[in-house]
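Coordinates in review
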Amino acid sequence: MKRPHRPRYLAVMGVMALSALLGACNGDDSPAGNDGPSVPPEVTPTPPTAGAPVQVAFMPDIHFHDVYGSFSDGSFQGLPNAKTGQFATIRTMYAQLTSTRLFNENYFAFLAALDDAAARGVKYIALPGDFSDDGQPVHIRGLKKVLDEYANKYGMEFFAAPGNHDPNVPFDRPAGKSDYLGTGGQEQRIYSRGAAECTGYAGQWSTVPTGKGLPTICTEEVKEQGYAPITEALAWHGFMPKENYLYWETPYSHYTSANYSYRLAAEQADWVNRQYEICTEGTGGKYRQDSYTHCLMVPDASYVVEPVEGLWLVAIDANVYAPKASANDKDPANPANFEGSGNAGYNKMLTHKTHVVEWLKDVVQRGEAQGKQVIAFSHFPMTEFYNGASGDIESLFGIGAFQMARRPSEDTTRTLAQTGLKLHIGGHMHFNDTGMRSYDDGQAIFNIQAPSLAAYVPAYKLLTLSDAGQVEVQTMRVSQVPRFDELFEHYREEHKYLADTNSNKIWNESILDSRDYHDFNTRYLSELARLRFLPQEWPCEMRELVFSLDGEQMMILSQLNTQVTLAQLQQSTGNALGLSACMATAGQAPGFAPSGTFAADWGYARDRARALAQANGMSLESFAQWTAFDLATDFYRLANAGDLALYDISPSRAQQYKMLAQALSETQVVVQMDGKELSGQNSVGAVFQGRFKPLLQILLKLATGAPSDHFMIDLQQRTLVDRKTSETRF
């Protein structure tokens, strides 16, 4: 079978990168263009004192969006900001409140996190993917400016690994967004050439009337860039070797630490060398099987760096962009040829980037033989991230729910542990979590899911490395963010426009009353649950109960034993518990009026619930202080933030959740379905108990997993010890 040719696009990229590197070697300190690599930072990091602990901060999922980014072609000026006098280039608040990431305020959070790290004297900052929000030129320029500034000012070293948003596919592709915030609080559509909204326009940029609202702006400033421009812009932040690195290599290098030199590394860092063959069915090259089809060449940005004596940081490019079955082999650099990598992760790394996994094993063995502490980071998790509740979540919410497609299988985790790697820091999920797997063959792997600064809870991970076996992990919450409310004036204009036009995109304006960035994120998560998570992920009857019940009613329902069915209650004059849209109509009994029977059953259940509460030192009425929606929001807090969510759930409410879970655990009901719909023949109590019993069991698992706030890892003894001093709430 004929091998695909090497894309000329990559060859050009490699020549550009190598030329810049050799220019730096020869003393040429001229910048390589607005988007390209500049000279290395002016301040060389000061090595830690001999024997002193080394600290590395991990900040994944920044999703950097330059809120004051200037469109170089002048196509979009942005909105004049009264506080700064600058022009804001931002997304709408509605876009933020229906997304799993913030687009705007995370800009200020990133600066605050870097300032916090600088104040702590941290010199090494790892960026495990999604450092950009789709790799647009305007935002990559802004990110490069920030990284260069902190490198020069504080002597920081940044080490980036790509995520599925940087790039979205290996090569540039047309893109854009419909929800930038434009004048008058309206949505502003901005797309690049080749997108459906911007075909055939002439000149550097253009506008296209839409017939309704603001005209579409067409500009190359918002195209989604591929590997070439992204890695070129951030070349000096890990993707290329530098003279002050003690060691640096890629899976495609042909040297070892014994004969390492900066010039040799620079020569072999050429991007022409750093690509591999990937096929629809699996890894190409020497692994390619005769049955494989649609095999294309793509870049791989993995590398290992020794920034300080004794530490090897392994930046794994865990993006897997498998060619589509319909790929056009005649145009190998066509971005439409590739699947996205968001749900691939390490399950497909094993099958489609086999050589990188084998390289990782070799790096670990060589590093440990030389007495190095080997720590890997990448964008994707290496272990399960729901504290063992994944099966329960799928049983309740359905196969693939709650991003389950992104979960590495247990076989995948075991294979990764067999590489010898002991510690990995991942991102992608926007979760704060700790996963640990230990095997009979003596291998063990710790996977630390670092949270995102663009989501709840905003934080980063700080690792302190005192010796080869001991690692202290601290989760540094970023609650106080200067300027976090700087853009609120624009959101108020947006909200007014939505209200004046009776838009269905209206959001809760109280988020603009946020006291600080943590409060802002707390309110953001609540709105995200209301506007997106509950409508998309929860069964209809659970969702409607969430919006109609309080905690006291939930306790009573946990004790309700009645023969009254949903169909009967629905046709009575009594309360149908908000389930009118969720049940199948077959089998209903017209004319039945169960109000008296149901009222008696409800009263008996209330007495049982009150007695149960009193036996546990509580009052039933105190449960009414929170609603089922509060519980649902706290469910997402725990799923996303682990230990960190406990700061936002009071001890009394946590104990009430625990008591409700215990009350439900004693029930034995099975919900009946008519196909995909809830059967009207279910009793009223069975519906609540059958749905919320597993929900509360999952909630307790999420609340009681491995420590994820402040803990110590002993890599040699394979142990993890909690260092958090706050009280246990569940």
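These figures come from a predicted structure and were not determined experimentally.

The next point concerns helix H15 (residues 551-558). For H15, a buried count of seven out of eight residues is recorded, marking the element as mostly surrounded by other parts of the structure. Among the residues making up H15, those that are buried are Gly551, Glu552, Met554, Met555, Ile556, Leu557 and Ser558. The backbone nitrogen of Glu552 lies 3.0 Å from a side-chain oxygen of the residue at the head of H15, namely Asp550.

Right, let's talk about the pairing of strand E20 (residues 470-477) for a bit. When strand E19 (residues 459-465) meets E20, the two strands line up antiparallel, connected through seven bridges. Following the sheet pairing, Leu462 is matched in E20 by Gln474. In terms of strand pairing, E20 meets strand E23 (residues 710-714) through five bridges, oriented antiparallel. Looking at E23, one finds that Gln470 is bridged to Asp714.

Right, let's talk about the nonpolar core for a bit. Counting 203 residues, the largest nonpolar core has Met59 and Trp538 as its most contacted members. Those residues in contact with Trp538 that sit more than four places away from it in its chain are Phe397, Phe402, Phe533, Arg543, Val546, Ala632, Phe635, Tyr636 and Leu695. Of all hydrophobic cores here, the second largest spans seven residues; its members include Phe71, Tyr180, Ile217 and Val222.

This paragraph deals with the packing of aromatic side chains. Applying the stated criterion to the full structure yields 40 aromatic pairs. For the pair Tyr386 and Phe431, a centre-to-centre distance of 5.5 Å together with 55° between the ring planes defines the contact as tilted. With Tyr386 in the loop between strand E15 (373-377) and helix H10 (390-397) and Phe431 in the loop between strand E16 (423-426) and strand E17 (433-438), the pair connects residues that are 45 residues apart, well separated along the chain. Just as Tyr386 is buried, Phe431 falls in that class too. One aromatic cluster in this structure is built from Phe397, Phe402, Phe533, Trp538, Phe635 and Tyr636. Directly above the aromatic system of Phe103 lies the positively charged group of Arg91, at a separation of 3.9 Å from the ring centroid. Against the face of Tyr647 rests Arg477, its NZ or CZ located 3.8 Å from the ring centre.

We now examine the sheet that holds E16. Strand order in the open sheet formed by seven strands is E10-E13-E14-E15-E16-E18-E17, with mixed pairing between adjacent strands. The sheet terminates laterally at strand E10 (247-249) and E17, the two strands that pair on one side only. Shown here is a sheet whose adjacent strand axes are inclined to one another by a mean of 20°, direction ignored. Note: E16 against strand E18 (residues 444-449), four bridges, orientation parallel. Each bridged residue has a counterpart across the sheet, and for Leu423 the counterpart in E18 is Phe446. Running at roughly 175° to strand E14 (residues 311-315), helix H9 (residues 354-369) makes contact with E10, strand E13 (303-308), E14 and E15 of the sheet.

Another point: the side chain of Ser253. Take Ser253: it is sitting in the loop between E10 and helix H7 (262-268). For Ser253, a relative accessible area of 15% gives the class buried. Reaching out from Ser253, the side chain makes a polar contact with the backbone nitrogen of Thr250 at a distance of 2.9 Å. A polar atom in the side chain of Ser253 sits 3.4 Å from the side chain of Tyr255.

Spatial strand order, E6-E7-E9-E8: four strands in an open sheet with mixed pairing. Bordering the open sheet on either side are strand E6 (176-181) and strand E8 (205-208), each of which pairs with just one other strand. Neighbouring strand axes in the sheet, compared pairwise and without regard to direction, differ in orientation by 25° on average. Bridging between E6 and strand E7 (residues 187-191) involves four bridges; their strand directions are antiparallel. Residue pairing across strands places Leu181 opposite Glu187, the latter belonging to E7.

All chains considered together, the criterion is met by two disulfides. Sulfur-sulfur distance for the disulfide between Cys198 and Cys218 comes to 2.1 Å. The disulfide joining Cys198 to Cys218 has a torsion of about -85° about its S-S bond and is therefore left-handed. Taken together, the positions of Cys198 in the loop between E7 and E8 and Cys218 in strand E9 (residues 216-219) put the pair 20 residues apart, joining distant regions of the chain. Note on accessibility: Cys198 and Cys218 belong to one class, buried. Each disulfide pairs two cysteine sulfurs, and for Cys279 the partner residue is Cys295, the sulfurs being separated by 2.1 Å. Taking the sign of the S-S torsion, 110° for the link of Cys279 and Cys295, the bridge is right-handed. Of this pair, Cys279 sits in the loop between strand E11 (275-278) and strand E12 (296-299) while Cys295 sits in the loop between E11 and E12, and the two are 16 residues apart along the sequence. On the accessibility criterion, Cys279 (0% relative accessible area) is buried. Cys295 sits in the buried class, given a relative accessible area of 4%.

Here is what the cut-offs are and how they apply
- Residues numbered from 1 in each chain as written.
- Predicted model: local features only at pLDDT ≥ 70, side-chain atom pairs only at ≥ 80, totals over all residues.
- Heavy atoms only, no water.
- Buried < 20%, exposed > 50% of the residue type's maximum accessible area, 1.4 Å probe, protein only.
- Helix = DSSP H or I, 4+ residues; strand = E, 2+ residues; numbered from the N terminus.
- Polar contact = N/O pair within 3.5 Å; in protein donor to acceptor, adjacent residues only side chain to side chain.
- Pairing = 2+ DSSP bridges.
- Core = buried A, V, L, I, M, F, W, Y, C linked by side-chain atoms within 4.5 Å.
- Contact = heavy atoms within 4.5 Å.
- Phe/Tyr/Trp six-rings, centres within 6.5 Å; stacked < 30°, edge-to-face > 60°.
- Lys NZ or Arg CZ within 6 Å of the ring centre and 35° of its normal.
- Axes fitted to C-alpha atoms, helices over the stretch in contact; angles between N-to-C directions.
- Disulfide = S-S within 2.5 Å.

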